[in-house]
Amino acid sequence: MKRALKITGMILGAIVVVMLLGAASINFSGIPTYETNPPNLEVKPDSAMIAEGKRLATLVCQHCHMGTTGKLDGKEMLDIPAEFGKVWAPNITQHPNSKLAPYTDGELAYFLRTGVKRDGGYAPPWMPKFPHMSDEDLHSVIAYLRSDARELQPSDKVQPAPEPSFLVKFLCRVAFKPLPFPEESVEAPPVTDKVAFGRYLLTSKVECYSCHSADFKTVNIEAPEKSEGYLGGGNTLISPEDGVTEIYSANITMDKETGIGNWTEEEFIKAVRFGQRPDGKPIRPPMIPFSALSDEEASAIWAYLQTAPPVKNEVQRNWEE
Ligand code: HEC
Ligand code: HEC
């Protein structure tokens, strides 16, 4: 009996040692790197593409990359929960030392779609990926990044490299993986197909769904609808104003009790574009007013939301009284 216990103890001890060694090795080696296979791409910018790319950057990229200088020279991302580590969005201006500078068009397309940087490093979910963004929109972003827009003019700011937590390093081994680069061209649904176009905006172009599902850790980028608690909210974000107050994403499904099923379309458009709820309470950062969306686009998102399954999830709202 004693002997059996001793052997069990030794086996358990050995398991613990192996686990500790595994953990130490993950912690030490960090986020894995991957081979890159960028397409042969040279974007031919025209003024319409640059304008659309700028609008898209206003809707999406600026949120993280806009610095205090009014240029896209990056900042600390205070709205990310501490469990992910400390994260800075880098300088992506046209300064020769910025993170953008060495990228070719093909490498940028590859990075924005797959999450694999030109040096093979993998960007965890704190930098979104756009596998389903249309080629036209993707190329517009690239055209804009090469343009003479004021916010892209050289800034020599250097942001610290992200300091991923053990959790992120671990998840980058087991769960977060680079996405495949699409083999075929990617097209957006026509504007006239309102529901499909709304879905495209919400899942692929403006990326509302990742904040608005249950948890960044269980967001499914390849098949957004399979994300845990899709659009039902409750994902923990942090107020960028103080870097501490937890703000949970809202339930934006049509559930009448816990979602926005009792809102009108006008109320929804006003909320999304101007940050005002029907009851007069503010919609707080990190949710930004998407004023660069047109009424038609917000209306298309609304049309799509009518078709998404309602989720019953009462999100805690800690408004100040
Ligand atoms: C939610 C915040 C967020 C958004 C939105 C965002 N980024 Fe980033 N971006 C980051 C972070 C954080 C990193 C650093 C990634 C890393 O090194 O792990 C990064 C890195 C980058 C890099 C540098 C990659 C390298 O090699 O180091 C480029 C270029 C970039 N982003 C472009 C964009 C563009 C273009 C958009 C809009 C289409 C965008 N980002 C939207 C947070 C964001
Ligand atoms: C960076 C994460 C993030 C992104 C991206 C985001 N949201 Fe939000 N959203 C939030 C958070 C957090 C709240 C809750 C704010 C609060 O409690 O004050 C919110 C609130 C809302 C509300 C108000 C609902 C209510 O019950 O008060 C609506 C509507 C909404 N978002 C729609 C959208 C749409 C549509 C998009 C895409 C165009 C989007 N959001 C993108 C984080 C985000």
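Keep in mind the model is a prediction, meaning the values are calculated, not measured.

Peer 1: So, helix α3 (residues 105-114): which residues are in play, and what are the values?
Peer 2: Counting buried residues in α3 gives 10 out of 10 residues, a clear majority hidden from the surface. What α3 keeps buried is the set Asp105, Gly106, Glu107, Leu108, Ala109, Tyr110, Phe111, Leu112, Arg113 and Thr114. Taken from the residues just after α3, glycine 115 is the one with a positive phi, measuring 90°.

Peer 1: Requested: an account of the pattern of salt bridges, with residues and values cited.
Peer 2: When the charged atoms of two side chains with opposite charge come close together, those side chains can pair. Applying the stated criterion across every chain yields a total of 17 salt bridges. The shortest N-O distance in the salt bridge between arginine 55 and glutamate 52 comes to 3.0 Å. Of the two residues, arginine 55 and glutamate 52 are both situated in helix α2 (residues 47-65); the distance of 3 residues between them amounts to about one turn of the helix. A relative accessible area of 22% places arginine 55 in the partly exposed class.

Peer 1: Account for the site of ligand 1, naming residues and giving values.
Peer 2: Taken together, 24 residues lie near ligand 1, and Cys61, Cys64, His65, Lys117 and Met127 sit nearest. Here histidine 65 contributes a side-chain N or O atom positioned 2.8 Å from a nitrogen atom of ligand 1. Interatomic distance of 2.6 Å between a side-chain N/O atom of lysine 117 and an oxygen atom of ligand 1. Those elements that provide at least two residues to the shell around ligand 1 are α2, β3 (88-89), α3 and α4 (135-145). For the shell around ligand 1, the element with the highest residue contribution is α2, accounting for 4 residues.

Peer 1: Just give me the short version of the environment of leucine 41, but keep the residues and values in it.
Peer 2: Locating leucine 41 in the fold gives a position in the loop between α1 (2-29) and α2. On a C-alpha basis, the gap between leucine 41 and valine 18 in space is 46 Å, while along the polypeptide they are 23 residues apart. The residues touching leucine 41, leaving out its near neighbours within four places in the chain, are Asp105, Gly106, Ala109, His139 and Ile142.

Calculation rules
Going along each chain's sequence as written, the residues are numbered from 1 onward. Here the convention is simple: chains get letters from A, ligands get numbers from 1, in the order in which they are written. In keeping with the model being predicted, local features are shown solely for residues with a pLDDT of at least 70 and side-chain atom pairs are shown and tallied solely at 80 or more, while totals for entire chains, interfaces and linings include all residues. Side-chain measures here rest on the full set of heavy atoms in the structure, leaving out hydrogens and waters. Relative accessibility decides the category of a residue: with a 1.4 Å probe and only protein chains considered, values under 20% of the type maximum give buried, values over 50% give exposed, and everything between is partly exposed. Strands are runs of DSSP state E lasting at least 2 residues, helices are runs of H or I lasting at least 4, and numbering of each runs from the N terminus. A pair is scored as a salt bridge if a Lys or Arg side-chain nitrogen falls within 4 Å of a carboxyl oxygen belonging to Asp or Glu. Proximity is defined per residue: any heavy atom of the residue falling within 4 Å of a molecule or strand makes that residue near it. Definition of a polar contact: a pair of N or O atoms within 3.5 Å, with one able to donate and the other able to accept a hydrogen when the atoms are protein atoms, and with sequence-neighbouring residues admitted only if both atoms are side-chain atoms. Contacts between residues were defined by any pair of non-hydrogen atoms, one from each residue, lying within 4.5 Å.

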